[in-house]
Amino acid sequence: MEALNLYGAGDIRFEQSPKPTIMNDNEVIVRVETAGICGSDLSRYKKLGPYIPGTTFGHECSGTIEEVGSNVSHLKEGMRVAVCPALPCGDCTQCRQGAYSRCPSLTVIGAVQPGAFAEYVKLPAENVLPLPNEIDADTAAFIEPAAVVAHGFYKTAIEPGADVAIIGCGSIGLLAIQWAKLFGARYVYAIDIDEQKLKVAKELGADQRVNPLDGPVHEQIHDFTAGEGVDVAIEAAGTPVTSAQALALPKKGGEVVFLGIPYGDVTIERFYFEKIVRNELRIHGSWNGLSAPFPGKEWKTAIHSLQTGALQVKPLITHRLPLSDGPFVFKEMASGSPGYIKTLLYPGKTGQKERAITHLK
C-alpha cells in the first residue's frame, strides 16, 4: 500500500509498505480517505525525527472500515468512521481514573504503531467512531484536533460572557476561537502576525484581530479591556515567546491554557512570571483530548458540533494533495512557505497540487 514513512528529521519518503492485518479479535482496519497534517507532525519532521525510523507517519484521519476482528460487533465493513489515534495503556493509575491523557505510556498511531499517512491503518475497535451522514470525510479529519481543543476548554471555569484571547491562528487556534464562542465567550481576541490567518479568524467569529507587530500584545489587550485583561488566554502558537506572553493577558484571577508545544526552552522574563503570582492566575496544561468513558466527551461534543455546523472547518483547509505529494508539502511547510493552515492528503489519488480555498489566494 502507499505510505509516507518518516526516517529522520527532514527525511520523509513516499513508498510501498505492507498492508496491516488483523492480529487480535478487537482490531479494526480502516481504509483512509482523508488524512490531515498536524502541527506536531511538522515539528517532528523538522526537529525531532521519528520514534522508530521508517514508521508510517500521521494521526489525523477519517475513512471507511475495511475489516473487523471477530470480537467486534458494533462496527461493520463499509461504515464511515473517524479515528481516535491515542493509545493509552488502560492499566496505569491515571487510566484507571479515566485520565487517559495523563497515561505515562500514552502514544498515538504514527509514533510507534503505523499511522494514518497510508492507504490503510489498524486500530483497536474502541478508537473507531461511526460518522453521521452530515459529516463528510474532510470534515471528519478535524474531529481529533477539535477534540484536543475542547479538552483544554473543559479544564477552565469559563462562563457565558467571558472574554477570551487566542494566541496563534493556525488550525488549533482557529478551532479555539470557535470553541470559545460555543463555550459562551462574549468577546474573542485573535492574535497572530499573519494577516491572512487573522482574516480567517475574523470570518470564524473572532471579534478583534491583534497583530503583535503593532505593539506588545498585553498592551493592546489591556487597551481593549480598559486595563483589566481577559478571563481566559489560550496559547495555541507553541513558541517560546508566546508561551511567556500568554501570562500577561488574563485579568487578576484569570486562566491560561497551554495547548501549544514550543519544542524549545521557554525563558520567562520576570515581568511575565510575576503575573502568575501577583494576579493569582490558574495555569492549565492540556494534552491530547481524552476523558472517560474513552475516548471522552470531547469527541462526542466535537462530532455533534461538526454535525450541526456550529463548528466550521472548511475555511481552515488551504491545500488538498495526493499522498504522493507528501514529501514535497512537508518540505514546503518546513521552509516557512506562506499560505498553509491545514493540508489534507489523499491516499490512492493522483493529481496536481492545488490551492483549495480561494480567499487565501
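Procedures and definitions
- Residues numbered from 1 in each chain as written.
- Predicted model: local features only at pLDDT ≥ 70, side-chain atom pairs only at ≥ 80, totals over all residues.
- Heavy atoms only, no water.
- UniProt positions renumbered as here; feature names shortened; annotations may be inferred.
- Salt bridge = Lys/Arg side-chain N within 4 Å of Asp/Glu carboxyl O.
- Helix = DSSP H or I, 4+ residues; strand = E, 2+ residues; numbered from the N terminus.
- Buried < 20%, exposed > 50% of the residue type's maximum accessible area, 1.4 Å probe, protein only.
- Axes fitted to C-alpha atoms, helices over the stretch in contact; angles between N-to-C directions.
- Parallel < 35°, antiparallel > 145°, perpendicular 65-115°, else oblique.
- Left-handed = near helix turned anticlockwise from the far one by under 90°.
- Contact = heavy atoms within 4.5 Å.
- Phe/Tyr/Trp six-rings, centres within 6.5 Å; stacked < 30°, edge-to-face > 60°.
- Lys NZ or Arg CZ within 6 Å of the ring centre and 35° of its normal.
- Pairing = 2+ DSSP bridges.
- Core = buried A, V, L, I, M, F, W, Y, C linked by side-chain atoms within 4.5 Å.

The protein chain goes by Galactitol-1-phosphate 5-dehydrogenase in an unreviewed UniProt entry, where it is assigned to Shouchella rhizosphaerae. Turning to the protein chain, the UniProt record has this under Sequence similarities (unreviewed entry): "Belongs to the zinc-containing alcohol dehydrogenase family." UniProt annotates the protein chain under Cofactor (unreviewed entry) with the comment "Zn(2+)".

Asker: How would you explain the pattern of salt bridges if you had to name every residue and give the values?
Answerer: Tallying each qualifying case throughout the model produces 13 salt bridges. In this structure, E66 engages K19 in a salt bridge whose closest nitrogen and oxygen atoms are separated by 3.7 Å. One end of the pair, E66, is in strand β5 (residues 60-68); the other, K19, is in the loop between β2 (11-16) and β3 (27-36), with 47 residues separating them in the sequence. A residue is classified by how much of its surface remains accessible, and E66, at 27% relative accessible area, is partly exposed. By relative accessible area, which is 39% here, K19 ends up partly exposed. Residues R320 and D138 are paired through a salt bridge, measuring 3.1 Å at the closest nitrogen-oxygen approach.

Asker: Can you tell me about the packing of helix α4 (residues 143-154) against helix α10 (residues 297-308), naming the residues and giving the values?
Answerer: In a packed pair of helices, the relevant descriptors are the angle between the two axes and the axis-to-axis distance. Closest axis-to-axis distance for the α4/α10 pair is 8 Å, and the angle between their directions is 120 degrees. Comparing the axis directions of α4 and α10 gives the class oblique. The crossing of α4 and α10 is right-handed. Residues I143, E144, A146, A147, A150, H151 and Y154 of α4 pack against K297, E298, W299, T301, A302, I303 and L306 of α10.

Asker: Which residues make up the packing of aromatic side chains, and what values do they have?
Answerer: In total, this model carries eleven aromatic pairs according to the counting rule given. Between F117 and F330 the ring centres are 6.1 Å apart and the planes differ by 70 degrees, which places this aromatic pair in the edge-to-face class. Residue F117 is found in the loop between β8 (107-108) and β9 (120-124), and its partner F330 is found in helix α11 (residues 326-334); the two are separated by 213 residues along the sequence. Ring plane angle 75 degrees and centroid distance 5.3 Å describe the contact between Y154 and F183, whose orientation is recorded as edge-to-face. Of this pair, Y154 sits in helix α4 while F183 sits in the loop between α5 (171-182) and β12 (187-191); the two residues are 29 residues apart in sequence, bridging distant segments of the chain. Note on Y154: relative accessible area 30%, which makes it partly exposed. In this structure an aromatic cluster arises from ring pairing among Y45, F57, F117 and F330. Across the ring face of Y51, the terminal group of R44 is positioned such that the distance to the ring centre comes to 4.1 Å. Above the face of the Y154 ring, K297 is positioned so that its terminal group lies 4.3 Å from the ring centre.

Asker: A description of the UniProt feature "domain: Enoyl reductase (ER)" (unreviewed entry) in the protein chain should follow, citing residues and the corresponding values.
Answerer: As annotated by UniProt and renumbered to match this structure, "domain: Enoyl reductase (ER)" (unreviewed entry) occupies residues 8-345. Here residues 8-345 is 28% helix and 25% strand, with 20 Å between the C-alpha atoms at its ends.

Asker: Tell me about the pairing of strand β1 (residues 2-8), and name the residues and values.
Answerer: Most of β1 is tucked away, with six of its seven residues classed as buried. The pairing of β1 with β2 spans six bridges and is classified as antiparallel. Within the sheet, the bridge partner assigned to L4 lies in β2 and is F14. Pairing of β1 with strand β4 (residues 55-56), which is carried by two bridges, proceeds in the antiparallel orientation. Paired with L6 across the two strands is T55, which belongs to β4.

Asker: Let's hear about the sheet that holds β4: which residues, and what values?
Answerer: Reading across from one edge, β2-β1-β4 is the order of the three strands in this open sheet, with antiparallel pairing throughout. Two strands close off the open sheet at either side, each with one partner strand: β2 and β4. On top of the sheet, α11 reaches β1 and β2; it is set at about 165 degrees to β2, its chief contact.

Asker: Describe the nonpolar core, naming the residues involved and giving the relevant values.
Answerer: Within the largest apolar cluster, 57 residues are counted, with the highest numbers of intra-cluster contacts made by I143, F153, L174, I177, W179 and I234. Mapped onto this core, the elements with two or more residues apiece are α4, β11 (163-167), α5, β12, α6 (195-203), β14 (230-235), α10 and β18 (342-346). Those residues in contact with W179 that lie beyond four places of it in its chain are A146, V149, A150, F153, T301, A302, S305 and L311. Grouped together as the second largest cluster of nonpolar side chains are 32 residues, V30, F57, V81 and L345 included.

Asker: Account for the sheet that holds strand β13 (residues 208-210), with residues named and values stated.
Answerer: Read across the sheet, six strands follow the order β13-β12-β11-β14-β15-β16 without closing on themselves; strand pairing throughout is parallel. Strands at the two margins of the open sheet, each flanked by one partner only, are β13 and β16 (282-285). Along the sheet, successive strands turn relative to each other by an average axial angle of 20 degrees, direction set aside. Across four bridges, the pairing between strand β15 (residues 250-258) and β16 is parallel. Residue pairing in the sheet places V256 in a bridge with I283 of β16. Strands in contact with helix α7 (residues 217-224) are β12, β13 and β14; relative to β13, the strand with the most contacts, it is inclined by about 155 degrees.

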